[in-house]
Amino acid sequence: MRTLLLLPVLLSVTACKKERVAVTIDGVSATVPGDFVPMDPERVETLREAAQAADPSVEVSMVGRKPPDAPMPWMYLQRTAVRPSMMKPLQASKVIEGTLAELKLALKESDLETVSSTTSVIGDSHEACFVTKSGKNQKVLNHTCLRLWIGAESKRVHTISVVCLSSDTAPEECQRVLDSRVVTVSGALPLDKLLEP
């Protein structure tokens, strides 16, 4: 009987020690199990188009990975840069806070239910992490961490996202992906500096 009780523990320890590899785009990396494969180009293109739907001028780069033989969990890293729409000069922190407020409003107005969320200020950037689930499909969790800053030279809002989708019964791998993220913020406008329209 004791052997049977130890089996789940041994399996979970083995799963945690499985070889992991880094997935990277400019400014962000996260690790996934070594057997994960690149996401289908069609899915990447669909995600890219969704990111550009609100503003076709947004710059998007993206890379994703998924298990070779299962629909979930799958993850992607995304980097975007978009020019903020402003009527008057604003502090960089206010522009970022406004961007996050728009995101929260969009989440509230969609059919997504927020399971958990946190926000923090890190250097000259803000970070927001949240877990959501869809009203249509309560069994899928979307785990996302965003880092936002204003480019001192570009004058754009730069966003780096680490996104992972899991089933509601097995969120552990997505948590490992998010916990492994390493974000490098470069060329950020100090939060207390004014950004001109």
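Before any of the text, the structure's been laid out above.
Residues numbered from 1 in each chain as written. Predicted model: local features only at pLDDT ≥ 70, side-chain atom pairs only at ≥ 80, totals over all residues. Heavy atoms only, no water.

### Some points on the pattern of salt bridges
Thinking step 1. Applying the stated criterion to the full structure yields seven salt bridges.
Thinking step 2. The shortest N-O distance in the salt bridge between Glu-173 and Arg-20 comes to 2.7 Å. Of this pair, Glu-173 sits in helix α4 (residues 172-179) while Arg-20 sits in strand β1 (residues 20-25), and the two are 153 residues apart along the sequence.
Thinking step 3. A residue is classified by how much of its surface remains accessible, and Arg-20, at 26% relative accessible area, is partly exposed.
Thinking step 4. We note a salt bridge from Arg-176 to Glu-173, for which the minimum N-O separation is 3.2 Å. Remark: Glu-173 and Arg-176 occur in helix α4; sequence separation between them is three residues, near one turn of the helix. (Salt bridge = Lys/Arg side-chain N within 4 Å of Asp/Glu carboxyl O. Helix = DSSP H or I, 4+ residues; strand = E, 2+ residues; numbered from the N terminus. Buried < 20%, exposed > 50% of the residue type's maximum accessible area, 1.4 Å probe, protein only.)

### Some remarks on the sheet that holds strand β5 (residues 74-82)
Thinking step 1. Spatially, the seven strands line up as an open sheet ordered β3-β4-β5-β10-β9-β8-β7, and their pairing is antiparallel. On the outer flanks of this sheet lie β3 (37-38) and β7 (112-122), each paired with one strand and no other.
Thinking step 2. Summarising the sheet, β5 and strand β10 (residues 157-167) pair through nine bridges and their orientation is antiparallel. Counted as the bridge partner of Met-75 is Cys-164 from β10. (Pairing = 2+ DSSP bridges.)

### Here's the deal with the packing of aromatic side chains
Thinking step 1. Inspection of every chain in the model, using the stated rule, returns one aromatic pair.
Thinking step 2. Note on Trp-74 and Tyr-76: the rings are 6.1 Å apart at their centroids and 20° apart in plane angle, and the pair reads as stacked. Neither residue differs from the other here; Trp-74 and Tyr-76 are each classed as buried. (Phe/Tyr/Trp six-rings, centres within 6.5 Å; stacked < 30°, edge-to-face > 60°.)

### Considering the side chain of His-126
Thinking step 1. Residue position: His-126 is located in strand β8 (residues 125-134).
Thinking step 2. The class for His-126 is buried, based on a relative accessible area of 8%.
Thinking step 3. When sequence neighbours within four positions are dropped, the list of residues in contact with His-126 reads Ser-93, Ile-96, Glu-97, Leu-100, Ser-120, Val-121, Leu-146, Arg-147, Leu-148 and Leu-191. (Contact = heavy atoms within 4.5 Å.)

### Some details on the state of the cysteines
Thinking step 1. Throughout the structure, instances matching the rule amount to two disulfides.
Thinking step 2. A disulfide bridge connects Cys-129 with Cys-145, and the sulfur atoms are separated by 2.0 Å. Given an S-S torsion of about 115°, the disulfide between Cys-129 and Cys-145 has right-handed geometry. With Cys-129 in strand β8 and Cys-145 in strand β9 (residues 140-150), the pair connects residues that are 16 residues apart, well separated along the chain.
Thinking step 3. The buried category is assigned to Cys-129, whose relative accessible area is 14%.
Thinking step 4. Since its relative accessible area comes to 4%, Cys-145 is described here as buried.
Thinking step 5. Across the disulfide, Cys-164 is cross-linked to Cys-174 (sulfur-sulfur distance 2.1 Å). With the S-S dihedral at roughly -75°, the linkage between Cys-164 and Cys-174 falls on the left-handed side. (Disulfide = S-S within 2.5 Å.)

### Points about the sheet that holds strand β2 (residues 28-33)
Thinking step 1. Reading across from one edge, β1-β2-β11 is the order of the three strands in this open sheet, with antiparallel pairing throughout. Only two strands of the sheet have a single neighbouring strand rather than two, namely β1 and β11 (182-183).
Thinking step 2. Sheet topology note: the β1/β2 ladder contains six bridges and is antiparallel. From the neighbouring strand, Arg-20 faces β2, where its bridge partner is Pro-33.
Thinking step 3. Sheet contacts for α4: β1 and β2; angle to β2, the most-contacted strand, approximately 150°. (Axes fitted to C-alpha atoms, helices over the stretch in contact; angles between N-to-C directions.)

Function cannot be inferred from these measures alone, as they are strictly geometric.
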